Amino acid sequence: MTTDWDAGRLDSDLSGANMDTLAVRAGQRRSPEGEHGEALFFTSSYVFRSAADAASRFAGEVPGNVYSRYTNPTVRAFEERIAAMEGAEQAVATASGMSAILAMVMSLCSAGDHVLVSRSVFGATVSLFEKYLKRFGLQVDYVPLTDLAAWAPAFKSNTRLVFVESPSNPLAELVDIAELATLCHSKGAMLAVDNCFCTPVLQQPLALGADIVIHSATKYIDGQGRCLGGVVAGRAELMKEVVGFLRTAGPTLSPFNAWVFLKGLETLRLRMQAHCASAGLLAEWLEQQPGVDRVYYAGLPSHPQHELAKRQQKDFGAVLSFEVAGGKEGAWRFIDATRLISITANLGDSKTTITHPGSTTHGRLSAEDRAKAGIRDSLIRLAVGLEDVADLQADLARGLAAL
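Residues numbered from 1 in each chain as written. Predicted model: local features only at pLDDT ≥ 70, side-chain atom pairs only at ≥ 80, totals over all residues. Heavy atoms only, no water.

The subject of this paragraph is the nonpolar core. Residues Phe78, Leu191, Leu320 and Phe322 are the most contacted members of the largest nonpolar core, which totals 80 residues. At seven residues, helix α12 (residues 268-287) tops the list of elements feeding residues into this core. For Phe78, the contacting residues outside a window of four places in its chain are Ala93, Ala217, Ile221, Val231, Leu253, Ala258, Phe261, Leu262 and Leu265. Grouped together as the second largest cluster of nonpolar side chains are 30 residues, Val92, Cys109, Leu161 and Ala192 included. (Core = buried A, V, L, I, M, F, W, Y, C linked by side-chain atoms within 4.5 Å. Buried < 20%, exposed > 50% of the residue type's maximum accessible area, 1.4 Å probe, protein only. Helix = DSSP H or I, 4+ residues; strand = E, 2+ residues; numbered from the N terminus. Contact = heavy atoms within 4.5 Å.)

In structure tokens, the structure reads:
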């Protein structure tokens, strides 16, 4: 260990740094060991110089680590890197994407508050609001994501929060984030945007006017299907409340998972470029195939929000959905006929995945709610990975041949 320690010299000066540089270097503070890579701090607790030092840290009077349930150097590095990439004052990491949503709502809403949620959100998100959060006095209503005219009349005097996915899972629907943010603020509500499908390299909701951005780091931030994690990011005054929830309730991100996510962020832009390029080619190909009734991908000119996607995103993402002939039976035959693509509900992986949303990710919704969200029995979701496009086409052709 060096005895001549000057953190200011060994840490990177990131003044004015661009996205790719932030993705590689933001958040890292080197220890006296002088390590080049990010250190992995496996510790549940921390020692203090004195009883007074311990008391000051527990009281929040001086900065420093207290307990790894809510402060850990590796997790902090990940939080600061995500905050830098999203243009947020602060980010808070959680144990999963769903726990990020839970932490946000429990921290910023109270019994009696009203929350508006876009109808086309992940099935588990609907279950969280319907089965659990409503029990504690939260009022929840759902609005069609793409219909801006439907949002204004849905507000109430006690509307505290609006939560949307844009793009949505699995239909790649979008909302004009800037317009919705303006509406929310005129009504005294906060706008939170799930940015999981785009990541900060394709879309920055805070720059478009949103107050909070949510991530399932399990997806593209990791990129290889290894770890679970989530992120809430936004203004420091809001994130202070989220930190307080983690400190008490403990849906904490592990240091190891944070370290894996740090490594994932280093290659995020390169991976997203490759994902998007392959997804675009496959969407165009699928749109021309007999047996495919419709393709949902914002990169296609046929998508009703193609122009909006071009305005507020840098690319169109890597998740597409399509409907096939034969309803649920046809969709299942298609999926079962594939031999290369992984049948799994996860996405954001280097390996392409395929799933039937109506019986998996959105299977806990009622048939009526699935219909309202546009989740038909014939729908298949494809999360495009990093394999050769020709090989993926050949595997999808096996599915088409089974219809």
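All right, on to the sheet that holds strand β11 (residues 353-355) then. The five strands are arranged β8-β9-β12-β11-β10 in an open sheet whose pairing can be described as mixed. Sheet topology places β8 (292-296) and β10 (342-343) at the edges, where each strand pairs with a single neighbour. The sheet contacts of α12 involve β8, β9 (319-324) and β12 (379-383), and relative to β9 the element is tilted by about 10°. (Pairing = 2+ DSSP bridges. Axes fitted to C-alpha atoms, helices over the stretch in contact; angles between N-to-C directions.)

Here we have seven strands laid out as an open sheet, ordered β1-β7-β6-β5-β4-β2-β3, and mixed in their pairing. Edge positions in the sheet fall to β1 (90-94) and β3 (139-143), since each has one partner strand and no second. Across the sheet, the mean angle from the axis of one strand to that of its neighbour is 20°, orientation sign disregarded. Inspection of the sheet shows strand β2 (residues 114-118) paired to β3 by five bridges, in the parallel sense. Bridged to Ser118 within β3 is Val143. Contacting β2, β3 and β4 (159-165), helix α6 (residues 123-132) crosses the sheet at an angle of about 145° to β3. Sitting on the sheet, helix α8 (residues 177-186) is in contact with β4 and β5 (190-194), with an inclination near 150° to β5.

For the structure on display, the rule yields 15 salt bridges. In this structure, Asp176 engages Arg311 in a salt bridge whose closest nitrogen and oxygen atoms are separated by 3.6 Å. Residue Asp176 is located in the loop between β4 and α8, and its partner Arg311 is located in helix α13 (residues 306-312); the two are separated by 135 residues in the primary sequence. You can call Asp176 buried: its relative accessible area is 13%. Here the salt bridges do not stand alone but share partners, grouping Glu38, Arg81, Lys263 and Glu266 into one network. (Salt bridge = Lys/Arg side-chain N within 4 Å of Asp/Glu carboxyl O.)

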